[in-house]
Amino acid sequence: MSYHIRVRPTALVIQDEQILLVEYSDANGIHYNLPGGGAEPGETITDGVLRELYEETTISAVAGPIAFVYEYAPHHHSGNNTSNIHTLYIVLECCPEAGSVARLPDIPDPEQSAVRWIPLSQLDDIVLYPNIKQHIKKYARERKNIELIEDHQLEPYFNP
């Protein structure tokens, strides 16, 4: 069986031992997600993560390195997610620009109820989808990341 893979640029914003999350309220109660969404045609991962971060939290930021990559495969999953969309989350650490304040956008996503700074020490007390809380805490401690290499930054072998 084959699946199309959706690329989801996702923002990891950690400041003052807190993480920026998007809160949702639905029939199952309150849960949280990292800001992010599907990359649009012609959009780089960096452009996509900054667009999604702004659309969901009104934060203007600078995109940094890749913190980690998470894959959701419908045919091989934990049971928390029942989507049939094979998705690759590319999670980039993002640093808010000076003076940029997180808030609920004027036109939030359906069921989006808030934008919250959650202390890392309270991360285990919430429902976060996907359940990557331990990975986030490890990243916050160690800051081991993956460099994003963009083709336009490479030195060409010849000038066209």
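Everything numeric in this text was worked out from a predicted model, so none of it was measured.

One finds Leu12, Ile19, Leu21, Leu34, Phe68 and Ile136 to be the most contacted residues of the largest nonpolar core, which totals 20 residues. Where this core is concerned, the elements lending two or more residues are strand E3 (18-26), strand E5 (61-72), strand E6 (86-96) and helix H2 (133-142). Aside from chain neighbours lying at most four places away, what touches Ile136 is Leu12, Ile19, Leu34, Phe68, Leu120, Leu123 and Leu128. Judged by nonpolar contacts, the second largest core, of 13 residues, contains Val13, Leu20, Ile59 and Val115.

This part covers helix H1 (residues 45-57). Spanning 13 residues, H1 covers 18 Å between terminal C-alpha atoms, matching the ideal 18 Å at 1.5 Å per step. Every buried residue of H1 is accounted for by Ile45, Thr46, Gly48, Val49, Arg51, Glu52, Leu53, Glu56 and Thr57. Buried positions along H1 lie against strand E1 (5-12), E3, E5, E6 and strand E7 (112-119). Thr58 sits one or two residues past H1 and shows a positive phi near 65 degrees.

With that settled, consider the packing of aromatic side chains. A full pass over the atoms with the stated rule returns two aromatic pairs. Each ring, one from Phe68 and one from Tyr139, has its centre 6.5 Å from the other, and the planes form 75 degrees; the classification is edge-to-face. On the criterion of sequence distance, the pair formed by Phe68 in strand E5 and Tyr139 in helix H2 is long-range, its members being 71 residues apart. The buried category is assigned to Phe68, whose relative accessible area is 14%. The exposure class assigned to Tyr139 is buried, which follows from its relative accessible area of 4%. Between Tyr70 and Tyr89, the ring centres sit 4.8 Å apart and the planes meet at 65 degrees, which makes this aromatic pair edge-to-face. Here the residue Tyr70 occupies a position in strand E5, and Tyr89 occupies one in strand E6, the gap between them amounting to 19 residues.

Okay, the environment of Gln122 next. Position of Gln122 relative to the elements: it lies in the loop between E7 and H2. For Gln122, a relative accessible area of 40% gives the class partly exposed. Placed 14 residues apart in sequence, Gln122 and Pro108 show a C-alpha to C-alpha distance of 25 Å.

Let us now look at the environment of Val127. Within the secondary structure, Val127 is located in the loop between E7 and H2. Spatially, the C-alpha atoms of Val127 and Glu23 are 9.8 Å apart, while their sequence positions differ by 104 residues. The contact partners of Val127, leaving out residues within four places of it in the chain, are Ile30, His31 and Tyr32.

Moving on to the sheet that holds E6. Across the sheet, three strands lie side by side as E1-E6-E5; this open sheet has mixed pairing. Each edge of the open sheet carries a strand with a single partner, namely E1 and E5. Between one strand and the next, the sheet's axes are offset by a mean angle of 25 degrees, whatever the strand orientation. As paired elements, E1 and E6 share eight bridges and run parallel to each other. What sits directly across from Arg6, in E6, is Thr87. Taken strand by strand, H1 contacts E1, E5 and E6, and its axis lies near 60 degrees from that of E1. Running over the sheet, H2 touches E1, E5 and E6 and is turned about 140 degrees from E5.

About the criteria used
Residues numbered from 1 in each chain as written. Predicted model: local features only at pLDDT ≥ 70, side-chain atom pairs only at ≥ 80, totals over all residues. Heavy atoms only, no water. Core = buried A, V, L, I, M, F, W, Y, C linked by side-chain atoms within 4.5 Å. Buried < 20%, exposed > 50% of the residue type's maximum accessible area, 1.4 Å probe, protein only. Helix = DSSP H or I, 4+ residues; strand = E, 2+ residues; numbered from the N terminus. Contact = heavy atoms within 4.5 Å. Expected span 1.5 Å × (residues − 1). Phe/Tyr/Trp six-rings, centres within 6.5 Å; stacked < 30°, edge-to-face > 60°. Pairing = 2+ DSSP bridges. Axes fitted to C-alpha atoms, helices over the stretch in contact; angles between N-to-C directions.

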